[in-house]
Amino acid sequence: MRTEKVGRNDPCPCGSGKKYKHCCLRKDRRHRRPARTRPVQANPQGGLASVLTQLRRMTRRVGRRGQTEQMQELDQLMGLAEEMAAYEAMSDEIEAAAKTLEEYRAEFEAMVGKDMEVVDRTWRLFSEERFAHWRFTAEDVYRAFEAVGYPPQGRIEAEENAEVTVAAILHLADGKQRMRLARQLVMLLPEYVDARRYLDAWLIQYSAYLMIDKPGQSNPFLFMMFYHGYEEWAAQIEDQQDKIVREMGFDPDEIRASGTSIDELEARVRAELADPEKKARLEALYAQHGMMAAQVEAEAWEWERNAMLLLDREDAARLYLSEEEMAPWVPALVERLAPRQAQAERALAEGRTEDPAITDAVSKEVAEVAREMAAAVFTPERVAQLVEELRAYRRDLEAAQERQAAISAQGAIVSLEEVPSSEEVPLLIGICFVSLRALLVGFSEEVRAELE
C-alpha cells in the first residue's frame, strides 16, 4: 500500500505516465483500511462518513421518542450529505466511466435514431429490480393527475396526451429531486461500464443530463419510473370499477366481450339504480374508492367537453334549432350586428373579403345572443326532447361504428340529465350559437346570389 502523499493530478508513481487519478488512485483506495480509532482529522472522507452516521443514528433515536417535522427534515439532510460524500468519493470512477463512454457515443446516437430499439432498451433497463425503489406509486400518479389534470380516457400512451403526462411527471419530480436523481444515476455509471453495458450506461447518463440541463422536459428514466406507477394506478382503477359493476349484478368481462350497446347499458344501470338499497351500496363503494371516483368524475367531464365537438360535424345539424325557434331572436341579432355590417361593406370595397377582426367581433355578438337564447328556448321539456334526439343520434353513430363520436353523444346526454339552469350548460349555448351561425351563413349566401 502506498504511504507517500500523491496529489490527484500528480504523475502516477507506478511510472505509467498517466495522472494518478486516471491510473492507480482507485486501486489504492480499494486497499486502504483505516483503523477504527483513527482521528476524524486524519481522514476527512472517512471522518465525514462517521460523523454523518452518528448524526443519522441520533436523529433516528430522537424519532423513536416522538419524531417531529424538524427531525424528519434533519434526517433527510443527513441522507443527502451522505449521498454527496459518496458521490465525491466516486468522482474519479465516474469521470473515468464517462470518458470510456465517449468511445460509444456514435453507437448510442445511432440507437436513439431508431425509435423501437431505444424504447425496447429503455423498457428493459429501467424495469430492472435495482430501479424499483425509484418508481412512482399509484398514489403518486393519482396525486399528480389531481394536480395537473387527467389524460383523456386515462391513457398516457397516446401522443396527444404527452403534455399532461410530462406535467404529471414534473409535478412529482421537482427541481431539487431531479438534481438528486441525476446524481444518483451518475453514480451507477462505473458499474455499468465495468459490466460493459455501454449503451445502458449511455441511457443512464443521458437521463441524468436531461434532468440537469433540460429541467422542463421528461426523460427516459423519469418516464419509466412514472409509467410503472401509472400501470399500478390503472390496475387499481380497473379493479375498483369491476367491483362496482359486479355490485350492480353485471359481469365486467361479459360486458367487455359482448360489445353491449350504450343504450342497453344505460337501461340496465337505470333499472339497478331504481333499487334504493343497491344505490346506497354503490354510493358507499364510491366513497371507499376515492381514486376511482376521481378518475370517473374526470372522465365524465371529458365526455362533456367532447360533446361540444359533435357540433362541428355535418351530421349534427339534426340537433340545431328550427327557424321558428330562432325567429324571435333574429331582430336582436340584426341590431347587434348592424355596426359590423358597415365595417364589412368597407372591407369588401377595399378588396378584403375576409377580416379576422370583423369575424371575431361578429362571433362575440352571436355568442351573447346565444347565451340569452339558451336560457329561454331550452325549457325542461325542450331539454328532454333534445336528449331523445341525442339518443337517436348516438344509435346512428354506433351503427356507423363511430365509437368515439357515440361516446361524445353520450357525454352530451350526461351533461343534460341534471340541468340546474339552461344558461349554465355550454352544450345548449353551443347549439344556439351554431344554429344562429348557420342562419347567418344561409342569409349571406342568399344575398351574394342576388348580387351576382
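Every chain is numbered independently, its residues counted from 1 as its sequence is written. Reporting in this predicted model follows two pLDDT cut-offs: at least 70 for local features of residues, and 80 or more for side-chain atom pairs to be given and counted; totals over whole chains, interfaces and linings ignore these cut-offs and use all residues. Only hydrogens and water are set aside; all other atoms, that is, all heavy atoms of the structure, feed into the side-chain values.

A. Examining the nonpolar core more closely. The biggest cluster of nonpolar side chains holds 57 residues, and the ones touching the most others in it are Phe131, Phe145, Leu185, Phe221, Phe226 and Trp233. Residue contributions to this core peak at 10 residues, all from helix 12 (residues 220-247). Apart from residues no more than four positions distant in its own chain, Leu185 is found in contact with Phe131, Trp134, Ile204, Ser207, Ala208, Met211 and Phe221. Here, the term nonpolar core denotes a set of buried Ala, Val, Leu, Ile, Met, Phe, Trp, Tyr and Cys residues that are joined through side-chain atoms within 4.5 Å. To sort residues, take the accessible area from a 1.4 Å probe on protein chains only and compare it with the maximum for the residue type: under 20% means buried, over 50% means exposed, and anything in between is partly exposed. Formed by 38 residues, the second largest nonpolar core is a distinct cluster that contains Met373, Leu397, Val425 and Cys432. By the criteria applied, helices consist of DSSP H or I runs no shorter than four residues and strands consist of E runs no shorter than two, each listed in order from the N terminus. In what follows, residue pairs with any heavy atoms lying within 4.5 Å of each other are defined as contacts.

B. Local environment of unusual backbone geometry. Its identity as a non-glycine residue notwithstanding, Arg196 has a phi of 60°, on the positive side. Among the structural elements, Arg196 can be located in the loop between helix 10 (189-194) and helix 11 (198-213). Residue Gln401 is not a glycine yet carries a positive backbone phi of 60°. Examined against the element boundaries, Gln401 turns out to sit in the loop between helix 20 (380-399) and helix 21 (403-417).

C. A look at the packing of helix 6 (residues 115-126) against helix 11. For the pair helix 6 and helix 11, the least separation of the axes is 10 Å and the interaxial angle reads 85°. In terms of axis orientation, helix 6 runs roughly perpendicular to helix 11. Note on element contacts: helix 11 touches helix 6 through Leu199, Asp200, Leu203, Ile204 and Ser207, opposite Val118, Arg121, Thr122, Leu125 and Phe126. In this classification, the charged set is Asp, Glu, Lys and Arg, the nonpolar set is Ala, Val, Leu, Ile, Met, Phe, Trp, Tyr, Cys and Pro, and all remaining amino acids, among them Gly, are polar. Its residues assigned to classes, the contact of helix 6 with helix 11 comprises six nonpolar, two polar and two charged. Fitted lines through C-alpha atoms serve as axes, helices being fitted only where they are in contact, and the angles separating the N-to-C directions of these axes extend from 0 to 180 degrees. Note on angle classes: values under 35 degrees are labelled roughly parallel, values over 145 roughly antiparallel, values of 65 to 115 roughly perpendicular, and the remainder oblique.

D. Examining the packing of aromatic side chains more closely. Side-chain rings of Phe, Tyr and Trp, where Trp is taken by its six-membered ring, are said to pair if the distance between their centres is within 6.5 Å; with planes under 30 degrees apart they count as stacked, over 60 as edge-to-face, and otherwise as tilted. Summed over all chains, the structure comprises 17 aromatic pairs. Seen from their ring centres, Phe108 and Trp202 are 5.0 Å apart, and the 10° between their planes marks the pair as stacked. Of the two residues, Phe108 sits in helix 5 (residues 105-112) while Trp202 sits in helix 11, which places them 94 residues apart along the sequence. Since its relative accessible area comes to 6%, Trp202 is described here as buried.

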